[in-house]
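# Fold and geometry: a report
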Amino acid sequence: MKCYAGIDAGSTYIKVAVINDSTLMGYKIAPTGIDCRKKSREMFDELLSDLSLSPSDIIAITSTGYGRRLIDISNETVSEIMAHAIGAIWTAPEGSKIRTIIDIGGQDSKVIVIDEKWETKNFIMNDKCAAGTGRFIEVLSRVLEVNVEQIGPFSLQAKTPCQINSTCAVFAESEVISLLARGKDRKDIIAGIHRSLAKRISGMARKASFEPDLLLTGGVALNPGLVAAFEDELMMDIYVARKPQLNGAIGAAIIAGNLRGKS
Amino acid sequence: MMLAELDNNSNLPAGIYYFINIMRDAFVKNQVRRYRQLQGRDNRKIIGTYCITVPEELIYAAGAIPVRLCGGSYEASCIGDELVPRDTCPVVKASVGFTSLNPISLYQMCDAVIVSTTCDAKRKLGEELSNYTEVWMLEVPHIKDTDGSRRQWIQQLYTLKKNIEKLTGRKFIGRRIRRKALEDSIGIINRARYQARRLYEIRKSPAPVILGREAMLAINAYSYDIAFEWTRAMSELNDELEALYHKGQFVCSEYTPRILIAGSPMIFPNWKIPSLIEEMGAVIVTDETCMGNRYLYDPIGTTEKSVKDMMVGIAARYLMPCVCPSFTPNEDRLYRLLQMAEEFNIDGIIYHVLKGCVVYDFELIRVEKIMKEKNIPVLRIETDYNPEDIEQLRTRIEAFIEIINSKKRKMKEA
């Protein structure tokens with residue numbers, strides 16, 4: 001059996017995916033920690049034993065993400081932009097014609113505009129701070145004492161979402177604290193946070209002259225509150241990738257197997 | 001550090017070491033013996049300059065030595081950070097940092113510095129520097145095409161000439177910039193520019209014989225060298241590169257993505273962007289910045305050899321071909337970029353915006369528009385001298401190069 005692996009060594013999580021010619025065989029997701037090389041090797045070995053595969057079954061490994069150059073078991077590296085563009089071939093819901101991918105990572109967010117051949121036409125990334133990233137939500141959810149998993153459902157219950165103007169994680173934190181001091185409801189604040197993030201990234205998407213359909217990837221896509229905020233902001237339906245967290249790893253694996261044509 | 005990285009590369013052309021050593025003397029060894037020697041017994045004056053609109057010909061003609069002080073040092077910009085507003089560009093921060101604490105002695109050695117009033121930050125820079133050293137402001141008009149601004153500009157150059165003469169003149173015996181000296185110095189710098197143009201011509205070759213980060217370093221070294229010595233070293237480097245070209249010893253293939261760097265200057269030792277671009281598999285074949293092509297390209301043309309005529313020639317050279325975005329209107333820059341894109345067969349443009357440099361960012365909109373028509377992708381990179389964002393920039397640059405590669409692949413297939 002021909003198997004290929006993709007390792008997405010992100011700033012917050014490492015994602016490993018193993019595919020064969022047509023399906024995702026298995027995957028692993030774990031926090032990156034301090035030693036991304038060791039961690040990804042361990043995860044890769046565990047995944048192989050889970051799937052009862054031997055290393056020789058893996059024909060090629062491609063790595064992507066911030067730690068990509070540290071991964072010594074991979075054969076080649078690709079940028080996250082390319083990995084996400086290609087990953088969408090497998091993770092886009094059926095029937096969608098994806099032309100734009102919005103990936104919200106732990107350290108940066110990106111808007112990638114692709115053509116019908118899944119080639120990147122244009123991309124835009126946020127600047128070096130945490131504005132508009134997964135970290136932004138993480139920091140604020142800590143201030144509000146909410147689990148990251150809960151904030152999506154919470155925000156959907158909001159009655160009158162608050163206005164959060166700052167997109168800087170640090171300034172937004174003081175803005176949230178002042179909203180709490182004014183006795184605002186936590187759910188409304190969370191909805192405001194989602195709006196603020198969606199606003200910033202939608203601005204990036206417009207700057208990159210995005211085209212429909214739009215696919216949301218990255219772990220943040222699992223948050224229904226944020227998806228709703230995006231739909232409000234862009235006034236259109238948004239597709240959420242199947243396994244949004246794995247999009248980059250799957251993309252890297254597809255590149256390893258050079259399977260782009262066989263979607 | 002950048003210099004150490006370069007040294008480890010055994011494939012460098014032999015001629016490049018001269019320029020590496022100049023940078024090493026200035027920034028690493030902090031060695032000013034060269035300058036002391038140059039000052040000599042008659043204690044020649046050293047004059048610092050902060051912009052390419054300062055005519056170095058006048059300084060040489062007065063028997064003084066010009067040094068271009070714009071240094072791209074992160075450490076110096078951190079020092080300057082405390083002395084100027086937060087949103088000031090890193091060039092100005094580093095200039096103030098270097099001057100206030102003198103981490104490299106070159107700054108202290110200058111008897112006077114000349115600051116051009118090109119942008120808001122530069123205008124205020126002069127005032128800050130005057131706390132530490134003698135500053136002469138040079139008022140550069142922002143609109144080139146009016147008689148008034150040309151008159152004003154030439155008047156400014158005459159004032160500058162007088163200032164330089166006053167500084168270099170000995171007591172009782174007036175030492176003026178004389179006709180012969182001015183003619184000679186115009187010749188010296190025109191020859192330097194000729195060698196710089198030769199280097200750019202060589203870089204037009206389909207498969208490059210020199211990497212951009214090295215070529216840019218060699219051009220940048222002019223700031224800290226004496227014009228005729230630099231010219232000699234550059235001419236040797238050019239001979240060597242031409243020989244390499246004929247032998248077919250290329251640094252990368254003709255399929256390597258060819259990048260044009262435009263925008264805010266890359267100033268040594270801030271070599272972050274050039275290093276990243278070439279590490280990620282592209283080659284910089286040319287640049288449109290005031291530390292490269294714009295600095296040393298156009299020669300001075302004079303018809304008669306009278307001081308007045310030469311002053312007019314100098315004034316014209318330093319104003320008319322300059323496409324610094326501080327001028328308005330600045331359509332010339334777009335033409336030049338289009339022309340360069342064609343001549344150097346560019347695949348993509350990396351447009352560098354130094355944080356706080358508004359004029360360059362403004363012109364990006366127009367550059368993107370004209371390049372879209374030519375189907376040349378433009379990547380905007382906003383950064384400063386801080387190394388904190390290297391990995392983020394790497395991702396962006398790598399993805400940009402991937403896009404170019406896939407475009408080239410498609411064109412090859414078609």
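That block above? That's the structure.
Chains are numbered independently. Their residues run from 1 in the order of the written sequence. Chain letters start at A and ligand numbers start at 1, both assigned in the order the entries are written. Only residues with pLDDT of at least 70 are given local features in this predicted model, and only at 80 or more are side-chain atom pairs given and counted; all residues enter the totals for whole chains, interfaces and linings. Calculated side-chain values reflect all of the structure's heavy atoms, with hydrogen atoms and water omitted.

### What to know about the overall build of chain A
Put simply, the test is: Here a helix means four or more residues in a row that DSSP labels H or I, a strand means two or more in a row labelled E, and each is numbered from the N terminus. The size measure is the radius of gyration over C-alpha atoms, and the globule rule it meets is 2.2 Å times the number of residues to the 0.38 power. Burial classification: accessible surface area is computed with a 1.4 Å probe over protein chains only, and a residue below 20% of its type maximum counts as buried, one above 50% as exposed, and the rest as partly exposed. Any pair of residues with heavy atoms lying within 4.5 Å of one another is described as a contacting pair.
Each helix and strand counted, chain A has 8 helices and 10 strands in total. For 263 residues, the compact-globule estimate of 2.2 N^0.38 gives 18 Å, and chain A sits close to it at 19 Å. Within chain A, the fraction of its 263 residues that count as buried is 56%. A sequence separation of at least 24 residues applies to 67% of the contacts in chain A between residues at least 6 apart.

### Let's talk about the interface of chain B and chain A
Put simply, the rule reads: Summed over both partners, buried area is the accessible surface (1.4 Å probe) that two parts give up on being assembled. Each reported salt bridge corresponds to a side-chain nitrogen of Lys or Arg within 4 Å of a carboxyl oxygen of Asp or Glu. What qualifies as a polar contact is a pair of N or O atoms within 3.5 Å, subject to a donor-acceptor requirement within protein and to the restriction that residues adjacent in sequence count only when both atoms come from side chains.
Facing 22 residues of chain B, the contacting portion of chain A comprises 20 residues. Taken together, the two surfaces of chain B and chain A that pack against each other cover about 1,800 Å², and 47% of this comes from carbon and sulfur. It is Gln-392, Thr-395 and Arg-396 of chain B in chain B that bury the most area against chain A; as a group they hold 31% of the surface buried on that side. The interface formed by chain B and chain A contains 3 salt bridges. One salt bridge connects Arg-69 of chain A with Glu-279 of chain B, and the closest N-O pair in it is separated by 4.0 Å. At the surface where chain B touches chain A, the tally comes to 4 residue pairs in polar contact (both at pLDDT 80 or more). The greatest single-element share of the side of chain B that touches chain A, amounting to 13 residues, is contributed by helix α17 (residues 390–413) of chain B.

### Brief notes about the side chain of Gln-156 of chain B
Residue and element names in this part refer to chain B. With respect to the helices and strands, Gln-156 occurs in helix α9 (residues 147–168). Of note is the side chain of Gln-156, whose polar atom sits 2.9 Å from the backbone nitrogen of Glu-139. Residue contacts for Gln-156: discarding those within four places in its chain leaves Met-137, Leu-138 and Glu-139.

### Details of the sheet that holds strand β1 (residues 3–9) of chain A
Residue and element names in this part refer to chain A. Put simply, the rule is: Strands are treated as partners if at least two bridges between them are detected by DSSP. Lines fitted to the C-alpha atoms define the axes, with helices restricted to the stretch that makes contact. Angles between their N-to-C directions range from 0 to 180 degrees.
An order of β3-β2-β1-β4-β5 is seen for the 5 strands of this open sheet, with the pairing classed as mixed. The two strands at the open ends of the sheet, each matched to only one other strand, are β3 (24–31) and β5 (76–77). In this structure, strand β4 (residues 58–64) lies alongside β5, joined through 2 bridges in parallel fashion. By the bridge assignment, Ser-63 is partnered in β5 with Thr-77. Across the sheet, helix α8 (residues 247–257) is in contact with β1, β2 (13–20), β3, β4 and β5; its angle to β1 comes to roughly 140°.

### Regarding helix α12 (residues 227–247) of chain B
Each turn of an α-helix holds 3.6 residues, which means side chains three or four residues apart point in the same direction. Residues and elements named next belong to chain B. We apply this condition: A helix is expected to reach a length of 1.5 Å times the quantity of its residues less one. This arc corresponds to the set of directions leading from the helix axis out to the C-beta atoms.
Helix length check: α12, at 21 residues, gives a terminal C-alpha distance of 30 Å against a target of 30 Å (1.5 Å per residue), a fit within 8%. Listing the buried residues of α12 in full gives Ala-227, Trp-230, Thr-231, Ala-233, Met-234, Leu-237, Asn-238, Leu-241 and Leu-244. Seen from one end, α12 has its buried residues packed into an arc of 165°, which puts them on one side. The exposed set on the far side of α12, more than 90 degrees from its buried face, consists of His-246 and Lys-247. Immediately beyond the C-terminal end of α12, within one or two residues, lies Gly-248, with a positive phi of roughly 75°.

### Describing the packing of helix α2 (residues 80–91) of chain A against α8 of chain A
Helix packing for two helices is described by the angle between their axes and how far apart those axes are. All names here are of chain A. Rules: Note that the term roughly parallel is reserved for angles under 35 degrees, roughly antiparallel for angles over 145, roughly perpendicular for angles of 65 to 115, and oblique for everything else.
Between α2 and α8, whose axes approach to 7 Å, the crossing angle comes to 90°. Our classification of the angle between α2 and α8 gives roughly perpendicular. Contact residues: Met-82, Ala-83, His-84, Ile-86, Gly-87, Ala-88, Trp-90 and Thr-91 in α2; Asn-247, Gly-248, Ile-250, Gly-251, Ala-252, Ile-254 and Ile-255 in α8.

### A look at the nonpolar core
In a soluble, globular protein the nonpolar side chains are often hidden away together inside. Rules: Nonpolar cores were defined as sets of buried Ala, Val, Leu, Ile, Met, Phe, Trp, Tyr and Cys residues, with membership established by side-chain atoms within 4.5 Å.
Phe-19 and Trp-230 of chain B are the most contacted members of the largest nonpolar core, which totals 159 residues. A per-element tally of this core places helix α10 (residues 179–202) of chain B first, with 8 residues. Ignoring sequence-local partners within four residues, the contact set of Trp-230 of chain B consists of Tyr-18, Phe-19, Ala-192, Ala-196, Ala-218, Ile-219, Ala-221, Tyr-222, Asp-225 and Leu-296 of chain B. Core analysis: the next-biggest nonpolar cluster, separate from the first, contains 37 residues, Ile-164, Ile-190, Ile-201 and Ala-205 of chain A among them.

### Here we look at the packing of aromatic side chains
All names here are of chain B. Heads up, the rule is: Think of it this way: a Phe, Tyr or Trp ring, Trp meaning its six-membered ring, pairs with another when their centres are within 6.5 Å, and the plane angle makes it stacked under 30 degrees, edge-to-face over 60, tilted otherwise.
One pass over the structure, following the stated rule, counts 12 aromatic pairs over all chains. Between Phe-27 and Phe-98 the ring centres are 6.4 Å apart and the planes differ by 55°, which places this aromatic pair in the tilted class. With Phe-27 in helix α2 (residues 16–28) and Phe-98 in helix α6 (residues 90–101), the pair connects residues that are 71 residues apart, well separated along the chain. An identical accessibility class is assigned to Phe-27 and Phe-98; each is buried.

### Describing the state of the cysteines
Residues and elements named next belong to chain B. To keep it simple, the criterion reads: Throughout, a disulfide means two cysteine sulfur atoms within 2.5 Å of one another.
According to the stated counting rule, one finds 0 disulfides over all chains in the structure shown. The thiol of Cys-70 is unpaired, and the distance to the nearest cysteine sulfur, on Cys-290, comes to 6.9 Å. Using a relative accessible area of 3% as the deciding quantity, one classes Cys-70 as buried. The closest cysteine sulfur to the non-disulfide-bonded Cys-119 is located on Cys-89, 6.1 Å from its own sulfur.

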